[in-house]
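Summary of structural features
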Amino acid sequence: MTDHLPNLDLSLFDDVQALPRAREHKPRILLLYGSTRERSFSRLLVEEAARLLEYFGAEARLFDPLGLPLPDDASMDHPKVQELRDLVLWSEGQVWCSPERHGAMSAVFKAQIDWIPLALGAVRPTQGKTLAVMQVCGGSQSFNVVNQLRVLGRWMRMFTIPNQSSVPKAYMEFDDADRMKPSPLYDRVVDVMEELVKFTLLLRGRKELLVDRYSERKESAEQLMARVNQRSI
C-alpha cells in the first residue's frame, strides 16, 4: 500500500492511530465524482483520495457515473440507480468531488445526488453519515462548488467535516501516470482524508443519538396512533 503513496511522508503518521479500532470493521467510504470524461480530473482526485483512505485503514469504493440516467428519465429499478443506492446504504462516510462548470457543480454530479432519496422506507440513506467535499477547477482557485456541496450535505443530513480541498488548474497537478504531483494541494487532500476517517470513527455508534429529532419522533408516534385507530375501526 505504501508503495502507492510516494508523496506521503509516512514518518509523520502514527500507524496505530491511523487504523480502525480492534474488532471493528474498516470505515466504509463511498467516493463520488462529477465527470464522465476519459481523463476526468475529479475522478483522478478521488482515486488519489481512495489510496489515502485505504492507507488510513478505510475501505474505499468509487461509483462510476457513466450510464446513470438523468433523474426521472428512468425508473428506480435502473441498474445504475440501484448500484448507486446500494453503495450509499453501504457507506458510513462519503467523499464528493465535482469539477466547477459555469461557477457551479456539474450536472453529472448533481444527478447522482438527485437519485439519492432522503428516505427509503424507514431507512434514511445519508442521515448521520460523514462527508468530505472537494472540487477541481480548470482555471484559478475557486470555492463555489465546495460551498454548494456543503449546502447539499446539510440538506442530506450529513456531518460535513471542516476541512476541504479545491484544486486549481487541475490539468497541471497530475503527471503522465495520472498521479497527483507533490505540492501543498496534495498535502491538503491528505489532511481532508485523514480528518474524514477520524470523524467517521468518532461518530461510529453515536449517529442515532445525534440525529434523533423531536419532530420526527412526534410524526412517528402520530403515524403509529393512526394505524392503531385504523385497525380498531
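Residues numbered from 1 in each chain as written. Predicted model: local features only at pLDDT ≥ 70, side-chain atom pairs only at ≥ 80, totals over all residues. Heavy atoms only, no water.

For the rest of this paragraph, the subject is the side chain of R204. Summarising the element assignment, R204 is placed in the loop between α6 (184-203) and α7 (207-211). Within polar-contact distance, the side chain of R204 engages the backbone oxygen of H25 at 3.0 Å. Among the polar contacts listed, one links the side chain of R204 to the side chain of E92, at a separation of 2.8 Å. (Helix = DSSP H or I, 4+ residues; strand = E, 2+ residues; numbered from the N terminus. Polar contact = N/O pair within 3.5 Å; in protein donor to acceptor, adjacent residues only side chain to side chain.)

Our focus in this paragraph is the nonpolar core. L31, L45, L52, L53, V95, M134 and M193 are the most contacted members of the largest nonpolar core, which has 36 residues in total. When contributions to this core are tallied by element, the ones reaching two or more residues are β1 (28-33), α2 (41-55), β3 (93-101), β5 (130-136), β6 (159-167) and α6. Per-element tally for this core: the top contributor is α2, with 9 residues. Setting aside residues up to four positions removed in sequence, L52 forms contacts with L5, L8, Y186, V189, V190 and M193. Membership of the second largest hydrophobic core comes to 22 residues, among which are V88, M105, V133 and V146. (Core = buried A, V, L, I, M, F, W, Y, C linked by side-chain atoms within 4.5 Å. Buried < 20%, exposed > 50% of the residue type's maximum accessible area, 1.4 Å probe, protein only. Contact = heavy atoms within 4.5 Å.)

Any space left empty among the atoms is revealed by the rolling of a water-sized probe across them. Space inside the largest pocket adds up to approximately 610 Å³. The wall of the largest pocket is formed by 27 residues, among which R124, Q127, K207, E208 and V211 lie closest to the centre. The set of elements that each furnish at least two residues to the lining of the largest pocket consists of α3 (79-90), α6, α7 and α8 (214-232). For the lining of the largest pocket, the leading source of residues is α8, giving 4 residues. (1 Å grid on protein atoms, 1.4 Å probe; cavity = no way out; pocket = protein on both sides within 12 Å on 5 of 7 lines; lining within 4 Å. Points joined across faces, edges and corners; volume = space filled by probe spheres on them.)

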